[in-house]
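So the chains spell out like this:
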Amino acid sequence: MEYVSVDIGYGFVKAISSNGKRVIFPAVVGSGREGMNFALGNDRQIDEQKLDELHIQVNGKHYYVGEMAQRNATDYSRVFERVRFNHEYTMILLQTAIHLVASPEEREFVLFTGLPLDYYKSQVKDFEAKLKEPLPAFKWISGGSNESSNKVMKAVKVFPQALSAIWATLINAEGRVVHPELMQEGNQIAVIDIGFRTTDVCVVEMKQGGGFRPLLALCDTIDIGVVNLQDMIKTAYKDKTGGSNLSEGKIERILSTKQMKYKGKVVDFTAEVEKAHQSVVNAIEDRISTLWKEEADTFDATFLLGGGGSTFHSYFTNEYDTILDGQFANTIGYYRLGKMLLGERLGQEN
């Protein structure tokens, strides 16, 4: 039996397994076409994972996932609903991630995942109930292992985002304390977890013995993230080209190179890219300032995490700490918390 941890972000899906595998792919799904196997004809093994060719079949229906959907599905989309777990595509993303990191020969697994802080209390019971339903029949068409054995979820636990990431910040994979100077009773540690659509902020206070308690009045989910940066670049492109639209992939190119060719001429976006980054950070800082007020001046450490953490780090007024694998912080946190809470009990049952 394996342990699998999955963070279904609005921008990317991140997953790790107790067998050592990890993956990250865009949280995008679109309709697939039967008979279209783009992995055929190359020189790779049939069971080699190819994350840009994820084509699956669930209950007989074809789907493209991740980059494959962005390139080849005209109806691809992300799930932005507040209650995401009821959406068909959320479960498609989850099952794809599980089959990518779980060993094909292992039928049973334990799942750890999470919800944004603001949604956790109201959604956790319904989400766990949804996850406990039998998984539908799954088959790889391309991109994953040639074996398509159905999986059985033996147990599931849903954790709050950001709070879970603190475990990845303070404790390493061997269970050892990374920042012993922060473990003193009464110390307050803050996390700013910038995702694709939302930013989770939370503060915890260390307890005697190494645990911590959340300071709920200082925790919140802010509806600002990397998507706001992309929207600003999309608007800037329209302004400079007379109203032309831009795909998500082209937006990423502009953010990376700060330019784009339009009708044969290079259009410079340096100023627009810098302004967009600073605008998003200003909005996040304003919300944090309202939430934390003067309390922030007394925190013993503040960590910047998530996919947006590295993107926006240099634009913040304050110099925040970062961690290795910040984009996987919640995934790692779910895993370490889950193993601690469920691992010993499940081991005794076997």
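Residues numbered from 1 in each chain as written. Predicted model: local features only at pLDDT ≥ 70, side-chain atom pairs only at ≥ 80, totals over all residues. Heavy atoms only, no water.

### Brief notes about unusual backbone geometry
Then step 1. Here the phi dihedral of Ala-162 falls at roughly 70 degrees; this positive angle occurs in a residue that is not glycine.
Then step 2. Mapping Ala-162 onto the fold places it in the loop between β9 (152–160) and α4 (165–170).
Then step 3. In this structure, Lys-293 is a non-glycine residue whose phi angle is positive, near 50 degrees.
Then step 4. For Lys-293, the location among the structural elements is in the loop between α7 (270–292) and β16 (301–305).
Then step 5. Overall, Lys-293 belongs to the exposed group, its relative accessible area being 55%. (Helix = DSSP H or I, 4+ residues; strand = E, 2+ residues; numbered from the N terminus. Buried < 20%, exposed > 50% of the residue type's maximum accessible area, 1.4 Å probe, protein only.)

### Quick look at the environment of Val-101
Then step 1. Mapped onto the elements of the fold, Val-101 is located in helix α2 (residues 88–101).
Then step 2. Distance in space between the C-alpha atoms of Val-101 and Gly-225 is 27 Å, their sequence separation being 124 residues.
Then step 3. Contact partners of Val-101, with chain neighbours within four places excluded, come to Val-4, Ala-15, Ile-16, Ser-17, Asn-19, Lys-21, Arg-22 and Val-23. (Contact = heavy atoms within 4.5 Å.)

### Structural notes on the sheet that holds strand β1 (residues 2–8)
Then step 1. Strand order in the open sheet formed by five strands is β3-β2-β1-β7-β9, and the pairing between neighbours is mixed. Edge strands, defined here as strands with exactly one partner in the open sheet, are β3 (22–26) and β9. Put simply, the sheet's adjacent strands are angled 20 degrees from each other on average, direction ignored.
Then step 2. Looking at chain direction, β1 and strand β7 (residues 108–115) are connected through four bridges and run parallel. Among the inter-strand pairings, Val-4 is bridged to a residue of β7, identified as Leu-111. (Pairing = 2+ DSSP bridges. Axes fitted to C-alpha atoms, helices over the stretch in contact; angles between N-to-C directions.)

### Observations concerning the packing of helix α5 (residues 226–241) against α7
Then step 1. With their axes 9 Å apart at the nearest point, α5 and α7 run at an angle of 145 degrees to one another. Where α5 crosses over α7, the handedness of that crossing is right-handed. Residue-level inspection shows Asn-228, Leu-229, Met-232, Ile-233, Ala-236 and Lys-240 of α5 in contact with α7, the latter providing Glu-272, Val-273, Ala-276, His-277, Ser-279 and Val-280.
Then step 2. A class-by-class count of the residues in the contact of α5 with α7 yields seven nonpolar, three polar and two charged. (Left-handed = near helix turned anticlockwise from the far one by under 90°. Nonpolar A, V, L, I, M, F, W, Y, C, P; charged D, E, K, R; others polar.)

### Thoughts on the environment of Tyr-64
Then step 1. In this structure, Tyr-64 sits in strand β6 (residues 61–65).
Then step 2. The buried category is assigned to Tyr-64, whose relative accessible area is 1%.
Then step 3. C-alpha of Tyr-64 to C-alpha of Ser-244: the two residues are 180 residues apart in sequence and 27 Å apart in space.
Then step 4. Side-chain polar atoms of Tyr-64 contact the backbone nitrogen of Arg-33, separated by 3.3 Å. (Polar contact = N/O pair within 3.5 Å; in protein donor to acceptor, adjacent residues only side chain to side chain.)

### Brief notes about the pairing of β16
Then step 1. By the criterion of burial, β16 is predominantly enclosed, with five of the five residues buried.
Then step 2. Taking every second residue as pointing to the same face, both faces of β16 are buried, with Ala-301, Phe-303 and Leu-305 on one and Thr-302 and Leu-304 on the other.
Then step 3. Sheet analysis places strand β10 (residues 188–194) next to β16, joined by five bridges and oriented parallel. Directly across from Ile-192, in β16, lies its bridge partner Leu-304.

### Focus: the state of the cysteines
Then step 1. Under the defined criterion, the tally for this structure stands at zero disulfides.
Then step 2. There is no disulfide at Cys-202, and the cysteine sulfur nearest it, in Cys-219, is 4.9 Å away.
Then step 3. Looking at Cys-202, the relative accessible area reads 0%, which means it is buried.
Then step 4. Here Cys-219 falls in the buried class, since its relative accessible area comes to 15%. (Disulfide = S-S within 2.5 Å.)

### Observations concerning the side chain of Thr-169
Then step 1. Looking at the element boundaries, Thr-169 is found in helix α4.
Then step 2. The buried category is assigned to Thr-169, whose relative accessible area is 3%.
Then step 3. Apart from the residues lying within four places of it in its own chain, the contact partners of Thr-169 are Val-178, His-179, Phe-303, Leu-305 and Ile-323.

### Let's talk about the packing of aromatic side chains
Then step 1. A complete count under the given rule lists 14 aromatic pairs for this structure.
Then step 2. Arranged with centres 5.9 Å apart and planes meeting at 35 degrees, the rings of Tyr-10 and Phe-80 form a pair that is tilted. With Tyr-10 in the loop between β1 and β2 (12–17) and Phe-80 in the loop between α1 (67–72) and α2, the pair connects residues that are 70 residues apart, well separated along the chain.
Then step 3. Overall, Tyr-10 belongs to the buried group, its relative accessible area being 6%.
Then step 4. Ring plane angle 85 degrees and centroid distance 5.2 Å describe the contact between Trp-292 and Phe-299, whose orientation is recorded as edge-to-face. (Phe/Tyr/Trp six-rings, centres within 6.5 Å; stacked < 30°, edge-to-face > 60°.)

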